[in-house]
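# Structure assessment
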Protein chains: 2
Amino acid sequence: VDLGKTFERNLDRYVEEWKRLLSFPSVSTDPAHDADCSACAEWLARHLSGIGFAARLLPTRSKPCVYAQRPGAAGLPTVLFYGHYDVQPADPVGDWVSPPFEPAMRDGRLYARGASDNKGQHFCVLKALEALVREDALRVPVRILLEGEEESGSAGATAALEEWKDLLRADVLMVTDVHMSPSGAPAITMGLRGVFHMTVVVEGAPNDLHSGEHGGVAPNPAAELARLVASLRAPDGGIAVPGFCDGMLPATETERALAAAGAITPEAYRELTGVPPTGGETAYPPAERAGFRPSIDVNGLLSGYTGAGMKTIIPASAMAKLTGRVTAGQDPAACLEALRRHLERSVGPGLRLSIPQKGVSGSGFRLPVESPLVKTAMAVLARVAGAPPVLQWGGASIPIVSALARVSGARPLLAGFGAEEDRIHAPNESFSLRQFRLGFLYAAELLGELAAAAPR
Amino acid sequence: VDLGKTFERNLDRYVEEWKRLLSFPSVSTDPAHDADCSACAEWLARHLSGIGFAARLLPTRSKPCVYAQRPGAAGLPTVLFYGHYDVQPADPVGDWVSPPFEPAMRDGRLYARGASDNKGQHFCVLKALEALVREDALRVPVRILLEGEEESGSAGATAALEEWKDLLRADVLMVTDVHMSPSGAPAITMGLRGVFHMTVVVEGAPNDLHSGEHGGVAPNPAAELARLVASLRAPDGGIAVPGFCDGMLPATETERALAAAGAITPEAYRELTGVPPTGGETAYPPAERAGFRPSIDVNGLLSGYTGAGMKTIIPASAMAKLTGRVTAGQDPAACLEALRRHLERSVGPGLRLSIPQKGVSGSGFRLPVESPLVKTAMAVLARVAGAPPVLQWGGASIPIVSALARVSGARPLLAGFGAEEDRIHAPNESFSLRQFRLGFLYAAELLGELAAAAPR
């Protein structure tokens, strides 16, 4: 079967259906759009039924998930495909060239909120599945989970995953909610970091004290918080919290070489962010620090007087917001605990430390470079995109991916065709027909290869 | 002359006049009270003329100062008496038992805003001067400066001091705007610290960055600010800024012993402030830390996200408010400069440090324990109060006192009868007739002794 030809023949219809999907303002963060989210989920379930899947809605404590499945040949690996039908808010609406929920094609790109993230990135996969079913070429068992709260924390789905364990059991967790390499080459995201967060408060006197009378006598919560935050890192930038790095999976020589090969230059990093890559551990190159090293980041600080001029006080309290990023092998709950213990042990006499908010959002993971699954995906990507794929190790977290991998027992495979110019989360989001076609072909060929080689 | 009898005979009139002075709502921080401040200054000038002084108003760029003088015998030391006629705002007015600007006597205490700070504390001195003039017993030349902006920074007077140099030239700078010992014993404030302030900003990327993608790669301004603040102090709590302590006058063994004798216990400190005295340099007892050691205090911190929950950002910038307290011998401008240099040298690569606000408010000073002036004042205090006086070294700053001492060439002598129960700056401020009488007798006897002994 020549799926390229199938794509060309059906493209007009694909685009019309994709436009219909994009016309739902399924903004999960805004309760005013709850009905739109439900309508979008119902449309998707009907659509999946129409292309040969047993589809239904799985209720959660908030937005429903769309679930679908189709059995395959015995002995072949089961693929669980994850995507999300919710989108970011469209504000500022006035900055859109065409209305965000009235999809418009211009110069080969479809413009709409969600055109890329994630409706475009998952609808091309659904069209590939449809094409395989119609050609009677879909041999692997496929399960589909499209959630409705990725943009607002995935709380409903995450809480229900254990309950859905049997529905989700799979061998490969296919995720396309990721980007190509900044160079434009196709890419596999080989790992993500886990994340936890914590709010730390240091309290002293019940009220602010006069810093003249009491400076150097009363303990200063703001100065102590600064000292505690500084104590989290060694002079070389490494994390100095005892026990934090327990279990951490060091990068292999191969991983380090591949990460270096895919890395952008310090100049390009500065161009992208406005700062040189001078944070973190000086002993490791920037690409390794994001991909293979943990990090504790200060997200916010607040204490005492912050207005114009001066106010001569020793503040009654000081607050820091921290997030920790942990790599494969580290247990984020144990890391949070190690940090809590370090802070509580380190706080100076006369002050009280408390942690009024804390939580773990997800674990990190890393795929082995040598795994047959990665090799298969690389071959498919190279063939489809006509360029050698890059392996990339991200520093960010997609908490539900780690949770889904754990519950389903599947190995995550993250490859998609998102690009910087899609402007996801911003006005005038778009996805090109070229990207849509790459996603279609990648999914179709990958599912074919998995049936042929049954790799893990 | 028995000034005790003079006091008793005239007390009713003194109180009526004191009440008149207190009835002016001379709140310097509130422009709505500008006319009240002027009226109060004019009343004082007329009053000083009436009791035998050549009095006038000295205009400044804001509130006028009341200036008065009376020549004395040749060869005797000139006394410059400093006070202020402005008061703190009366808010919250509803918490006052009697209205703040309708002075009311209850149980031997006069209740009104300014009853103690500073109208009561200076008016008893003016009444002593009046009594001495009437008895023809005022022999030393006396100059009086009553400013109208002490509660709002003394900017007008401070800017004009150099211009008034000839008017202010004196040998002894008499200040009663201070407290007795917490034990209730009369006290001489033997030193104050100088103060400077600085706002420090560390900037990174032009916008917040995603802390997942960039954590451990991009430099974090909030973490760096914490490290810089922590770098200001050595592990023993001492200041670790090169050059900061240059010129500092170490405490003598006598000063240390006297400070220890006047010190409150750690338990009493905790009772007073809510925290144990565990800040600053562990090698020095608390009373020495406030009196003889410099301090750098964090007054405020602000960076990134400070609301509920988490936000995964590397903040674009971070800000700290710092004040430095310096002791006798240290040049606050040089200390500010040393701190600036240390911060600018220490900031990590990829970040920009700036100091958008900074300034010196005043120097510190310390009186020699052995000086005849101190011995004379101690003898007077002991006789008047019937209890041995305590020498105390304060950690706070009265910037105009150092400036006045410098411009006038006079040695500052700080002794007054303020007490915790006066509740200055709070609702229901008061000053007792007993305190007023102590202030009257102290001033009258001191001026007599200065004429007799001409001590320095």
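Residues numbered from 1 in each chain as written. Chains lettered and ligands numbered in written order. Predicted model: local features only at pLDDT ≥ 70, side-chain atom pairs only at ≥ 80, totals over all residues. Heavy atoms only, no water.

## Description of the overall build of chain A
Across its full length, chain A carries 14 helices and 18 strands. For 456 residues, the compact-globule formula gives about 23 Å, and the C-alpha radius of gyration of chain A, at 24 Å, lands near that figure. The C-alpha extent of chain A, read off along each of the three principal axes, is 85 × 50 × 45 Å. Counting all 456 residues of chain A, 60% fall into the buried class. (Helix = DSSP H or I, 4+ residues; strand = E, 2+ residues; numbered from the N terminus. Rg over C-alpha atoms; globule rule 2.2 N^0.38 Å. Buried < 20%, exposed > 50% of the residue type's maximum accessible area, 1.4 Å probe, protein only.)

## A few points about the side chain of Ser295 of chain B
Within the fold, Ser295 of chain B resides in strand 11 (residues 295-304). Among the polar contacts listed, one links the side chain of Ser295 of chain B to the backbone nitrogen of Gly216 of chain A, at a separation of 3.2 Å. Looking at Ser295 of chain B, its side chain comes within polar contact range of the side chain of Asp297 of chain B, at 3.1 Å. Residues contacting Ser295 of chain B, with those up to four places away along its chain left out, are Gly215 and Gly216 of chain A together with Arg193, Ile239, Thr323, Gly324 and Arg325 of chain B. (Polar contact = N/O pair within 3.5 Å; in protein donor to acceptor, adjacent residues only side chain to side chain. Contact = heavy atoms within 4.5 Å.)

## A closer look at the confidence of the model for chain A
Of all residues in chain A, 99% attain a pLDDT of 70 or more, and the chain-wide mean is 95. In the predicted complex, the global pTM is 0.89; the interface-specific ipTM is 0.90. (pLDDT = per-residue confidence, 0-100.)

## Observations concerning helix 7 (residues 221-230) of chain A
All names here are of chain A. With nine of ten residues buried, helix 7 is to be regarded as a mostly interior element. What helix 7 keeps buried is the set Pro221, Ala222, Ala223, Glu224, Leu225, Ala226, Leu228, Val229 and Ala230. Structurally, the start of helix 7 carries an N-cap: the backbone nitrogen of Ala222 is 2.9 Å from a side-chain oxygen of Asn220.

## A word on the relation of the copies chain A and chain B
Mapping chain A onto chain B is achieved by rotating through 180° and translating by 0.1 Å along the same axis, at an RMSD of 0.1 Å. Expressed as a symmetry operation, the mapping of one chain copy onto the other fits a two-fold axis. Both copies present the same face, since 100% of the interface residues in chain A are matched by interface residues at the equivalent positions in chain B. (Least-squares fit on C-alpha atoms with pLDDT ≥ 70 in both.)

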